[in-house]
Amino acid sequence: MIADFRRRFWISLALTVPILFLSPMLRKLLGLGALAFPGDRYLLFGLASVVYFYGGWPFLRGLFSEVQQRRPGMMTLIAVAITTAYGYSSLVTFVLPGKVFFWELATLIDIMLLGHWIEMRSVMGASRALEELARLMPSAAHRILSEGSTEEVPLEALRPGDRVLVRPGEKIPADGWVVEGRSAVNEAMLTGESRPVEKGPGDEVIGGAVNGEGSLVVEITRTGAESFLSQVIELVREAQESKSRTQDLANRAAFWLTLIALSGGALTFFVWEVFLKKDLAFALERTVTVMVITCPHALGLAVPLVVAVSTALAAKRGLLIRNRAAFEQARNLTAVVFDKTGTLTEGRFGVTKVLAWEGHSPEEILRLAASVETHSEHPIARAVAEAASETYPVEDFRALPGRGARARVAEREVLVVSPGYLREAGLEPPAEALELSEKGHTVVFVLVEGKLSGAIALSDRIRPESREAISALKARGLKCFMLTGDNARVARAVSEELGLDEFFAEVLPQEKAEKIREVKARGEIVAMTGDGVNDAPALAEAHVGIAIGAGTEVAIETADIVLVRNNPLDVVTIIDLARATYRKMVQNLFWATGYNAVAIPLAAGVLYQYGVLLSPAMGAVLMSLSTVIVALNARRLKI
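Bear in mind the structure is a predicted one, so any value in this text is a computation, not a measurement.

K.L.:
An account of the packing of aromatic side chains is needed here, citing residue identities and associated values.
P.N.:
Throughout the structure, instances matching the rule amount to 13 aromatic pairs. Centroid distance Tyr52 to Tyr86: 4.3 Å. Interplanar angle 5°. Geometry classified as stacked. Note that Tyr52 is positioned in helix H3 (residues 40–55) and Tyr86 in helix H5 (residues 74–94), a separation of 34 residues in sequence. Assigned by exposure class, Tyr52 and Tyr86 land together as buried. Between Trp272 and Tyr608, the aromatic rings sit 5.2 Å apart at their centres with planes inclined by 90°, giving edge-to-face as the arrangement. With Trp272 in helix H10 (residues 249–275) and Tyr608 in the loop between helix H25 (596–604) and helix H26 (616–635), the pair connects residues that are 336 residues apart, well separated along the chain. By relative accessible area, which is 5% here, Trp272 ends up buried. Members of the aromatic cluster, connected to one another through ring pairs, are Tyr42, Phe45, Tyr52, Phe53, Tyr86, Phe94 and Phe102.

What follows is the structure, encoded as C-alpha cells:
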C-alpha cells in the first residue's frame, strides 16, 4: 500500500503541472493568457479526469468502505471534496457558465496522497517478531545413534526421547534434560537470568539457550508446539492480536468536517436556489465554494507532518518509532516497567568488591585470581580477569567443572572456586562474604596453598543512566517497576539502589505478560522496557513497548519504540516528545479546521447583502493559507 500511494502521488504530481498551466484562473493570475489555444479546456478535462480516477481512486474506494461501515471519516471527506470539484468543473466545461476547479482538484489529490504516504511510512509495518523468535533455534542438531556415532538432522526430525550432542558455543536444539556433561548455559535471552546457569546430569535445558564451554548430551523432552520457545511465540502472537487500535485524531476531525461539508453545501444550495430564487449556476458556485473551503488540504497534513517531524527528531536522538499510535499514547503513561538485565543493568558481570584474609591485600587476591581465570572461558572468570591490571605467569591450569579452576601461580597453588566447593571441602565462608551473597552478589572464593585467603564479589552492573532516568520519571509523576527472571535477592538490591516503587523477581516469560496485565488492571497506563526474548510477550502486552536496541531482534520487532543507544534516559525523552507531539497535533487540527468557522459562512454568502461574497478562488487561497500555517507549526516542534 505504501508503494501504491507513492506511485499514485508521483504520477498525479506529474500530471498536475500541465493542469496548472492549462487552468484559466491561474493563467490569468500569472499573466499567461497568451498560452491559450483551441480545445485546451478539453485537454484540461482529460488530464484532470486521469488524476481524479487514478490518483483519487484510494479515496473513492475508501468512501464506499466507510459508508458501508457507517463510519464516515477522512476518506469520505476527501472523496466528497474531489467529486464535488470534478463534477462541477466538468459541468462548467461542457454545460454551465462558471470557473473550473480542476487545478484545485489535482492539488488536493496530490496533497492527500502525499499525506497518506508520509503517514503510512511512519506507521509500523507487519511485525517480524515471530520470524525473529524462530531464528533463535539452530537449523540442525547432532543426534546420537545407538552405536554412539552422531548424525546431523533438521530440528523437525527430532522426537522426544532422542539424545543430541551439544558442543561448546552451540545452541541447544530443543527442550530436554542433561544426560552427560557439565557446562554453563546462557539462558539470559529466554529466562532473564543474568548469569549463565551451571547445568549437569538431571538439569533441564531450554531450546534456543547457548551452551558454554563444556559439551552436553541432552535427551529431548519437548519439540514443536510444546516447546518453551513455541509457547513464547504464541504469547507474542496473542498479545499483538489483542492490542487495541486507537482512532486517529484526524479521522475524528474528518468525521465532523464531513458532516459540516455535506450539510453546509446542501443547505447553501437549498437556500440560494429555493428560498432566494437565484439561478442554478450561482447556487452551484456557492455550494462548490463551501465544499472547497471545507476541503481538508491542511487536515490531511495536520497529523502526518507532525509525525514526520517528530519521527525525524526522535531518530536523531536514537529513538526509532515503529508504532505511531503507541507513541502518541506515551503522553498518557502513568507507569514504566523495566526489565533488569541489559536494561537497567549492563547485562555483564563486573567486580564490585574484593575481600582479603591470611595477610593478603585485596589487590594481591584479585591479581592471583585473575591469573587463574585468564585461562577460563566462563563469563564470571572473564569478569575477574578483566578487573585486574596485571597477572602472574600460570602453570598446570585445570578446570574444575561446575566448581571453579586451579593453577600454580607464582610458585603457589591457587584455586578460584564456588561456594559449593567450599561446602564440599568443609570450609565455612566468613560472615562478610555471606552478607555480600545475601545482597545478591555472586561471590567466588580464592584459596592459596589450601587456605581460604580471599573472596571476590561480582554483580551485574547498574547502568549509570538508570538512576537519573528513574529520578526523572518519578519527577514527572510516573511509577517505576522492575520485572526480572533473576532471584529476589538480586532484584531487591537493584530496586533499593535505584529507588523503584516495586519489583517482580523470578518471573518467567509467560508470567511477565501476566504481570503487565496485573499492573494494567490497577488502572495504570503501562510502558514496558526490555531487551530479551523473555520480554517479548510483555512488550506486546503493554500499552507502549520499548526495546533496548542492543537486545535481541525479537524484542526490537515486538516493540513499538526502539532505543538505539541503550540509554534508559531515552524513555524520559520518549514521554516528553510524545507530549510535545500531541500538543502540535491539536494545534494543527485547530488551524486546519478552525478557519472554517469564519470561511464557511462567508463562502455560503451570509454577508452577500453587504457586498461581501467569498469567491471560489479566495476560498482556495484561505484553504491554502491554513495549509501553510499547519506546515510551519509542525516545523516549530524542533524548537
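The rest of the description comes next.
K.L.:
Can you tell me about a positive patch on the surface, naming the residues and giving the values?
P.N.:
The grouping of Lys316, Arg317, Arg635 and Lys638 at the surface amounts to a positive patch. With respect to the helices and strands, Lys638 occurs in the segment after H26.

K.L.:
Give me the lowdown on the packing of helix H24 (residues 569–594) against H25, citing residues and values where you can.
P.N.:
Think of two packed helices as two axes; the pair is described by the angle between the axes and how far apart they sit. Contact geometry of H24 with H25 gives a least axis separation of 7 Å together with a crossing angle of 10°. Our classification of the angle between H24 and H25 gives roughly parallel. Counting all contacts with H24, which are made through Ala592, Thr593 and Gly594, the residues of H25 involved are Asn596, Ala597 and Val598. In terms of residue class, the contact of H24 with H25 is built from three nonpolar, three polar and no charged.

K.L.:
A description of the sheet that holds strand E11 (residues 335–339) should follow, citing residues and the corresponding values.
P.N.:
Read across the sheet, seven strands follow the order E10-E22-E21-E20-E11-E18-E19 without closing on themselves; strand pairing throughout is mixed. Edge positions in the sheet fall to strand E10 (319–321) and strand E19 (502–504), since each has one partner strand and no second. Each adjacent strand pair in this sheet contributes to an overall mean axis angle of 20°, direction not counted.

K.L.:
Account for the pairing of strand E14 (residues 404–409), with residues named and values stated.
P.N.:
Each regular strand displays side chains that alternate between the two surfaces of the sheet. Note: strand E13 (residues 394–400) against E14, five bridges, orientation antiparallel. Bridge pairing in E14 places Glu395 opposite Arg408. Connecting the antiparallel pair E13 and E14 is a turn made up of three residues, with Gly402 showing a positive phi of about 75°. In terms of strand pairing, E14 meets strand E15 (residues 412–417) through six bridges, oriented antiparallel. Bridging across to E15, Ala407 finds its partner in Val414. Hairpin remark: E14 followed by E15, antiparallel, with two residues in the connecting loop; positive phi at Ala410, about 50°.

K.L.:
Provide a residue-level description of the sheet that holds strand E8 (residues 210–211), including the pertinent values.
P.N.:
If you walk across this open sheet you meet the three strands as E6-E5-E8, and the pairing is antiparallel. Taken across any chain shown, the strands that pair with only one partner, and hence form the sheet edges, are strand E6 (197–199) and E8. With two bridges connecting them, strand E5 (residues 183–186) and E8 associate as antiparallel partners. Note on E8: the bridge partner recorded for Asn186 is Val210.

K.L.:
So what about helix H15 (residues 362–373)? Which residues, and what values?
P.N.:
The end-to-end C-alpha separation of H15 is 16 Å, in line with the 16 Å expected for 12 residues at 1.5 Å each. In terms of residue burial, H15 counts as a mostly covered element, since nine of its 12 residues are buried. Every buried residue of H15 is listed here: Glu364, Ile365, Leu366, Leu368, Ala369, Ala370, Ser371, Val372 and Glu373.

K.L.:
Residue-level account of the nonpolar core, with values.
P.N.:
Within the largest apolar cluster, 46 residues are counted, with the highest numbers of intra-cluster contacts made by Val336, Leu473, Ile546 and Ile574. The element contributing the most residues to this core is H24, with 10 residues. Looking at which domains feed residues into this core, each of domain 1 (1–131 + 239–307 + 584–636) and domain 3 (319–344 + 463–564) gives three or more. Judged by nonpolar contacts, the second largest core, of 39 residues, contains Phe5, Ile82, Ala85 and Phe102.

K.L.:
Could you give an account of the environment of Glu364, naming the residues involved and the relevant values?
P.N.:
Tracing the backbone through its elements, the reader meets Glu364 in helix H15. Spatially, the C-alpha atom of Glu364 lies 9.6 Å from that of Ala388, the residues being 24 residues apart in sequence. Excluding its chain neighbours within four sequence positions, the residues that come into contact with Glu364 are Tyr392 and Arg412. At a separation of 2.9 Å, a polar atom in the side chain of Glu364 contacts the side chain of Tyr392.

K.L.:
Hey, could you go over the pattern of salt bridges for me, with residue numbers and the actual values?
P.N.:
Under the counting rule described, the total for this entry stands at 24 salt bridges. In this structure, Arg143 and Asp162 form a salt bridge, with 3.4 Å as the shortest nitrogen-oxygen distance. With Arg143 in strand E1 (residues 140–144) and Asp162 in the loop between strand E2 (150–154) and strand E3 (163–166), the pair connects residues that are 19 residues apart, well separated along the chain. The partner of Glu518 in a salt bridge is Arg522, and the shortest N-O contact between them spans 3.3 Å. A relative accessible area of 35% places Glu518 in the partly exposed class. Through salt bridges that share partners, Asp396, Arg398, Arg406 and Glu413 make up one connected network.

K.L.:
Which residues make up unusual backbone geometry, and what values do they have?
P.N.:
Non-glycine residue Ala410 carries a positive phi angle of around 50°. Structurally, Ala410 is set in the loop between E14 and E15. With relative accessibility at 34%, the residue Ala410 sits in the partly exposed group.

How each quantity is defined
- Residues numbered from 1 in each chain as written.
- Predicted model: local features only at pLDDT ≥ 70, side-chain atom pairs only at ≥ 80, totals over all residues.
- Heavy atoms only, no water.
- Phe/Tyr/Trp six-rings, centres within 6.5 Å; stacked < 30°, edge-to-face > 60°.
- Helix = DSSP H or I, 4+ residues; strand = E, 2+ residues; numbered from the N terminus.
- Buried < 20%, exposed > 50% of the residue type's maximum accessible area, 1.4 Å probe, protein only.
- Patch = residues over 30% accessible without salt bridge, like charges linked within 9 Å, V, L, I, M, F, W, Y side chains within 5 Å.
- Areas by Shrake-Rupley, 256 points an atom, 1.4 Å probe, with all protein chains shown as cover.
- Salt bridge = Lys/Arg side-chain N within 4 Å of Asp/Glu carboxyl O.
- Lys, Arg positive; Asp, Glu negative; His and termini not counted.
- Charge placed at Lys NZ, Arg CZ, Asp CG, Glu CD.
- Axes fitted to C-alpha atoms, helices over the stretch in contact; angles between N-to-C directions.
- Parallel < 35°, antiparallel > 145°, perpendicular 65-115°, else oblique.
- Contact = heavy atoms within 4.5 Å.
- Nonpolar A, V, L, I, M, F, W, Y, C, P; charged D, E, K, R; others polar.
- Pairing = 2+ DSSP bridges.
- Expected span 1.5 Å × (residues − 1).
- Core = buried A, V, L, I, M, F, W, Y, C linked by side-chain atoms within 4.5 Å.
- Domains from an automatic or database assignment.
- Polar contact = N/O pair within 3.5 Å; in protein donor to acceptor, adjacent residues only side chain to side chain.

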